[in-house]
Amino acid sequence: MSKKVAVILSGCGVYDGAEIHESVITLLRLDQRGAQVQCFAPDIAQLHVINHLTGKEMPESRNVLVESARIARGNVKDVREADVDDFDALIVPGGFGAAKNLSNFAADGAGCCVQPDVLALTEAFAEAGKPVGLMCISPALAAKIYGPGVTCTIGNDAETAKAIGKMGATHEDCAVTDIIEDKARKLVTTPAYMLAQSISEAASGINKLVDRVLELTHENDA
């Protein structure tokens, strides 16, 4: 029986939304492994809009749910519609959207908070003991979801790791091709584009993350 996986997107584009390569690799691997997928995103305004050609901020406003629909080919729902009971696992790709739209980590670091609707859903998965995969910068939210003592990785960036430590999480350095697993919490993390120098490097760790998350969903199968 195929597993159902929720994927939370944070917009469309590395600098102000979900990292497109990470998101597509995640969706591709889930499909290759036979999982049923539903994308979600918060129905909120982006922090700001970045011109991905110049890197400069643009004087306009965009909606995170609407922008996420670009990646999901329209098949995306408001995160408030997600019910943890309908899914076996949750995965959150990275990109600055995780630190700007799903949370305010980009601005407030260790003092950040997670967007309320996103926090409610991720906490529900944590409390249900269901597997969760976080990649790139999204593991920075792990301590806000699971509380102190959770183990995760964003690769080896010292400043980000320090902020994660201040929030109460334990950071472990990790190669781009590998994953870190908090077995007690069924949390799997990988650096992806925090370290990747190419799309194939990003895929190496993301594929491992997806595979492991799906393996964990079978632990209680009869």
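Refer to the structure printed above.
What counts, and where the lines are drawn
Residues numbered from 1 in each chain as written. Predicted model: local features only at pLDDT ≥ 70, side-chain atom pairs only at ≥ 80, totals over all residues. Heavy atoms only, no water. Core = buried A, V, L, I, M, F, W, Y, C linked by side-chain atoms within 4.5 Å. Buried < 20%, exposed > 50% of the residue type's maximum accessible area, 1.4 Å probe, protein only. Helix = DSSP H or I, 4+ residues; strand = E, 2+ residues; numbered from the N terminus. Contact = heavy atoms within 4.5 Å. Pairing = 2+ DSSP bridges. Salt bridge = Lys/Arg side-chain N within 4 Å of Asp/Glu carboxyl O. Phe/Tyr/Trp six-rings, centres within 6.5 Å; stacked < 30°, edge-to-face > 60°. Lys NZ or Arg CZ within 6 Å of the ring centre and 35° of its normal.

1. Considering the nonpolar core
Thinking step 1. One finds Ile8, Leu90, Phe105, Phe125, Val132, Val150 and Leu187 to be the most contacted residues of the largest nonpolar core, which totals 36 residues.
Thinking step 2. Contributing elements (two or more residues each) for this core: strand S1 (4–8), strand S6 (89–92), helix H3 (96–100), helix H5 (116–127), strand S7 (132–135), helix H6 (142–146) and helix H7 (158–166).
Thinking step 3. For Phe105, the residues in contact, after removing those within four places along its chain, are Ala99, Ala110, Cys112, Ile137, Ala140, Thr160, Ala163 and Met167.
Thinking step 4. Of all hydrophobic cores here, the second largest spans 33 residues; its members include Cys12, Ala35, Val176 and Ala203.

2. Overview of the pairing of strand S11 (residues 187–190)
Thinking step 1. Across the two faces of S11 the burial is the same, with Leu187 and Thr189 and Val188 and Thr190 all buried.
Thinking step 2. Looking at chain direction, strand S10 (residues 180–182) and S11 are connected through three bridges and run antiparallel. Within the sheet, the bridge partner assigned to Asp182 lies in S11 and is Leu187.
Thinking step 3. Joining the antiparallel neighbours S10 and S11 is a turn of four residues, in which Lys186 adopts a positive phi near 55 degrees.

3. Considerations on the pattern of salt bridges
Thinking step 1. Scanning the model with the defined rule gives 11 salt bridges in all.
Thinking step 2. Close ionic contact of Arg80 with Asp117 constitutes a salt bridge, the shortest N to O distance being 3.8 Å. Of this pair, Arg80 sits in the loop between strand S5 (76–78) and S6 while Asp117 is found in helix H5, placing the two residues 37 residues apart along the sequence.
Thinking step 3. Classification of Arg80 as exposed rests on a relative accessible area of 55%.
Thinking step 4. Notably, a salt bridge pairs Lys186 with Glu219, separated by 3.8 Å at the nearest N-O pair. Here Glu219 lies in the segment after helix H8 (199–217) and Lys186 lies in the loop between S10 and S11, a separation of 33 residues in the sequence.
Thinking step 5. What emerges from the salt-bridge pattern is a single network uniting Glu60, Arg62, Glu67 and Arg70.

4. Describing the packing of aromatic side chains
Between two aromatic rings, the relevant description is the distance of the centres plus the angle of the planes.
Thinking step 1. With the rule as written, the count across this model stands at one aromatic pair.
Thinking step 2. Ring centres 5.6 Å apart and planes at 85 degrees place the aromatic pair Phe40 and Phe87 in the edge-to-face group. Of this pair, Phe40 sits in strand S2 (residues 36–41) while Phe87 sits in the loop between S5 and S6, placing them 47 residues apart in sequence. The pair Phe40 / Phe87 is uniform in exposure class, with both members buried.
Thinking step 3. A cation over a ring is seen here: Lys100 above Phe96, with NZ or CZ 4.8 Å from the ring centre.

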